[in-house]
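Descriptive analysis of the structure
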Amino acid sequence: MKRIHLTADTDTWTGASTTALLCARADADAIVFSAGCDAIVQRLEKGGVEVVRVPFGGWFAALNLSRALRHVAGDSFEIYVHSPSARKAAEGALKLVGRKEPVRLMDERPMPDFPAVAVAAPAAGEEPLLMWLGNITAGCGLKELIEQLGSRADRPWRLRVVGQGPAKIVSPILQRSRALGIDRRIEWVGYSANPYEQMNGVSHGIVADPQSVVAREFAAAGIPVITNISEIL
């Protein structure tokens, strides 16, 4: 049984590519179909999985997927969609593929195991180092976090932000941190292909959803997560 994992990430790595990679790594007979740019494909390949680049966005998404499916060797197939935006294309591809072998589109988005990762613990006596990880978008919650931290400027804390986003969203957040007088307490790392490298010394991870991929990454490193800094500050 050949298992195919679809991730529609194009220019930005998200949890969809993370789960696709981990699922494929756990299965020797699995491949990843990626719509990603060179950096995303290279990160997947560096993770040790077979990757097929498929441009399944736009009008020809289903057609491109069906063409890729025709060239995959195997007797039967299961397709797992990690990016919800790719499900319609996958459904359309199955109607076009024309294979005699059984091909099944699985109903649920899989959530793989996140192997434990060793990171350095916070040093004794140091002020809490918080970490926010993800893509910086209009609704990601980072803007609200900066406001909360600004209201606790009299308390000990530092923040490490690991992620990237468009300038029109990031710049106002940077400006607001300066206006609040907390900019020197915030480390802006930017994108990291290995977020675990950024977790050394972190005391708490800040997440919006305790069941999210990011929360599971923190858990894999043994770092407790919080949804609101009022839980610790």
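Residues numbered from 1 in each chain as written. Predicted model: local features only at pLDDT ≥ 70, side-chain atom pairs only at ≥ 80, totals over all residues. Heavy atoms only, no water.

1. With respect to helix H1 (residues 15-25)
The buried count for H1 comes to nine of eleven residues, which makes it a mostly enclosed element. Those residues of H1 that sit buried are Ala 16, Ser 17, Thr 18, Thr 19, Ala 20, Leu 21, Leu 22, Cys 23 and Ala 24. Check the buried side of H1 and you find it contacts strand E1 (2-7), strand E2 (30-34), helix H2 (38-46) and helix H7 (213-220). (Buried < 20%, exposed > 50% of the residue type's maximum accessible area, 1.4 Å probe, protein only. Helix = DSSP H or I, 4+ residues; strand = E, 2+ residues; numbered from the N terminus. Contact = heavy atoms within 4.5 Å.)

2. Focus on the nonpolar core
Residues Ile 4, Leu 6, Phe 33, Phe 56, Leu 65 and Leu 69 are the most contacted members of the largest nonpolar core, which totals 22 residues. Looking at this core, the elements with two or more residues in it are E1, E2, helix H3 (61-70), strand E4 (77-81) and helix H4 (87-96). Apart from residues lying up to four places away in sequence, Leu 65 is in contact with Leu 6, Phe 33, Val 54, Phe 56, Ala 89, Ala 90 and Ala 93. (Core = buried A, V, L, I, M, F, W, Y, C linked by side-chain atoms within 4.5 Å.)

3. Examining the packing of helix H5 (residues 142-150) against helix H6 (residues 167-179)
To describe two helices that pack against each other, one gives the angle between their axes and the distance between the axes. H6 packs onto H5 with a crossing angle of 0° between their chain directions and a minimal axis gap of 10 Å. In this view, H5 runs roughly parallel relative to H6, as classed from their interaxial angle. Counted together, Leu 142, Lys 143, Ile 146 and Glu 147 of H5 and Ile 173, Arg 176 and Ser 177 of H6 form the full contact between these two elements. Grouping the amino acids of the contact of H5 with H6 by side-chain chemistry returns three nonpolar, one polar and three charged. (Axes fitted to C-alpha atoms, helices over the stretch in contact; angles between N-to-C directions. Parallel < 35°, antiparallel > 145°, perpendicular 65-115°, else oblique. Nonpolar A, V, L, I, M, F, W, Y, C, P; charged D, E, K, R; others polar.)

4. Examining the pattern of salt bridges
For side chains bearing opposite charge, pairing can occur when the charged atoms are close. For the structure shown, the criterion picks out ten salt bridges. The closest approach of N and O atoms between Glu 91 and Arg 87, which form a salt bridge, is 3.6 Å. With Glu 91 and Arg 87 both in helix H4 and four residues apart, this pair spans about one turn of that helix. (Salt bridge = Lys/Arg side-chain N within 4 Å of Asp/Glu carboxyl O.)

Just geometry here; none of it tells us what the structure is for.
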